[in-house]
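Working through the structure, step by step
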Amino acid sequence: VRGREIIRRDLAERCKEHPAWLLDRMRCVDSPTGETFEFQMIDPSAPWYWQRELVDEWVANPKNIDLKARQLGITWLAGAFGVWTMLFTPGSHVLVMSVKEDEAVKVLNRMWDMLHSLPDWLWNGAVAIKPVGGARPTTEIQLRFPDGRVSLVRGLSSTPAAGQGMTAALVILDEFSRQPYAEETWGGILPTTSAGGRVIVISTGNGISNPLGGGNFFHHLWVNADTLGIRKRFLPWDLHPLRDDEWYR
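Throughout what follows, the structure given in this document is the object of discussion.

Quick notes on the rules
Every residue gets a number counted from 1 within its own chain, in the order that chain's sequence is written. Since the coordinates come from a predicted model, pLDDT governs what is reported: local features require at least 70, and pairs of side-chain atoms require 80 or more to be given and counted, while whole-chain, interface and lining totals use all residues. Water and hydrogen atoms play no part in the side-chain values, which are based on all heavy atoms of the structure. Residues enter a nonpolar core if they are buried and are Ala, Val, Leu, Ile, Met, Phe, Trp, Tyr or Cys, with the set joined through side-chain atoms within 4.5 Å. Under the scheme applied here, a residue whose accessible area is under 20% of the maximum for its type counts as buried, over 50% as exposed, and between as partly exposed, the area being computed with a 1.4 Å probe on protein chains only. Only DSSP runs of H or I covering at least 4 residues are called helices, and only runs of E covering at least 2 are called strands; the numbering of each starts at the N terminus. Every residue pair with non-hydrogen atoms within 4.5 Å of one another is taken to be in contact. One side-chain nitrogen of Lys or Arg within 4 Å of one carboxyl oxygen of Asp or Glu is enough to make a salt bridge. Lines fitted to C-alpha atoms define the axes here, with helix axes fitted over just the stretch in contact, and angles between the N-to-C directions of these axes take values from 0 to 180 degrees. Orientation categories follow fixed angle ranges, with anything under 35 degrees roughly parallel, anything over 145 roughly antiparallel, 65 to 115 roughly perpendicular, and all other angles oblique. For any pair of crossing helices, the crossing counts as left-handed if the nearer helix is rotated counterclockwise from the farther one by less than a right angle, and right-handed if it is rotated clockwise. Under the scheme applied, nonpolar residues are Ala, Val, Leu, Ile, Met, Phe, Trp, Tyr, Cys and Pro; charged residues are Asp, Glu, Lys and Arg; polar residues are all the others, including Gly. Any two strands with at least two DSSP-identified bridges between them are counted as paired.

Moving on to the nonpolar core. With 48 residues, the main nonpolar core has Leu 22, Met 26, Phe 39, Trp 58 and Leu 87 as its most contacted residues. Per-element accounting of this core gives the leading share, 11 residues, to helix 4 (residues 74-88). Aside from chain neighbours lying at most four places away, what touches Leu 22 is Cys 15, Trp 84, Leu 87, Phe 88, Leu 118 and Leu 122. With 20 residues, the next largest nonpolar core counts Leu 95, Ala 182, Val 201 and Ile 230 among its residues.

Right under this line is the structure:
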């Protein structure tokens, strides 16, 4: 029993130091298909290990933008990163913004399920206070820690005022190229990074911007990332282990 407790304490400490250790313990359920999968964060030979490299980049950089192909699990990964932020930064706020509120709520439900796939001893002493009674998350999840601090994640739709005046440890901007108020949202959440928070911008492509400032704002951030101090990465279709040239054709 004592040996097991030592192992648990060691793993909990590793999870606190880096999210990869926590993500590697999560179990994910894809609600449309019922299929389950797990992140592959520790074994460099694993076919999905490239996601670990992306998590390392998110840890190291306050502002991140990722232009991705579809169905690479990046929104899942960002949601799991949000769970780690809530658990190991007690009192932190995580904002998830998507095109519509129901899309943001889908991410919250994924986060809720990933959280509950973890053993209690990896919750860092937290208990869920919202939602309660077996309910599914709507627009918010709250975790209370033994010292009274409360971490929360909130799902928001794209509106002119979304995120303005809020401070957060992490902001996830999902399918940002399709958010109708992307520029206003970016201006509203930017103070988050100056206060020590982190922003992850995720999207497939959806048009381009122009030198006068019009067009697609996600593209504007992408092409000006170096000037704006944003770490950027392109995630192509063939990162999926089951895709080959025949699949592409």
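The structure having been displayed, the exposition proceeds.
Let's shift gears to the pattern of salt bridges. Taken as a whole and assessed by the stated rule, the structure comprises 13 salt bridges. Residues Arg 8 and Glu 5 are paired through a salt bridge, measuring 3.7 Å at the closest nitrogen-oxygen approach. You can see Arg 8 and its partner Glu 5 sitting in helix 1 (residues 2-17), three residues apart, about one turn around the helix. A salt bridge links Glu 140 to Lys 130, with the shortest nitrogen-to-oxygen separation between them at 3.8 Å. With Glu 140 in strand 6 (residues 140-144) and Lys 130 in strand 5 (residues 127-130), this pair connects stretches of sequence that are 10 residues apart. The exposure class of Glu 140 is buried, given its relative accessible area of 9%. Taking the relative accessible area as the measure of exposure, Lys 130 reaches 36% and is therefore partly exposed. Here the salt bridges do not stand alone but share partners, grouping Glu 53, Glu 57, Asp 66, Arg 231 and Arg 233 into one network.

Moving on, we come to the packing of helix 3 (residues 50-60) against helix 4. The interhelical angle for the contact between helix 3 and helix 4, taken along N-to-C directions, is 50°, at an axis separation of 11 Å. Compared by their axis directions, helix 3 and helix 4 come out oblique. Of the two possible hands of crossing, helix 3 and helix 4 adopt the one that is right-handed. When helix 3 is examined against helix 4, the residues Trp 50, Gln 51, Leu 54, Val 55, Trp 58 and Val 59 are found in contact with a partner set consisting of Ile 74, Leu 77, Ala 78 and Phe 81. Partitioned by chemical class, the residues of the contact of helix 3 with helix 4 number nine nonpolar, one polar and no charged.

Attention shifts here to the pairing of strand 6. In terms of burial, strand 6 is largely enclosed, as four of its five residues are buried. In this sheet, strand 6 lies alongside strand 5 in antiparallel orientation, the contact comprising three bridges. The partner of Val 127 across the bridge, within strand 6, is Arg 144. As paired elements, strand 6 and strand 7 (residues 150-157) share five bridges and run antiparallel to each other. In the sheet register, Glu 140 faces strand 7, and the bridge partner there is Arg 154. Here strand 6 folds back onto strand 7, and the loop between the two strands holds five residues, one of which, Gly 148, carries a positive phi near 95°.

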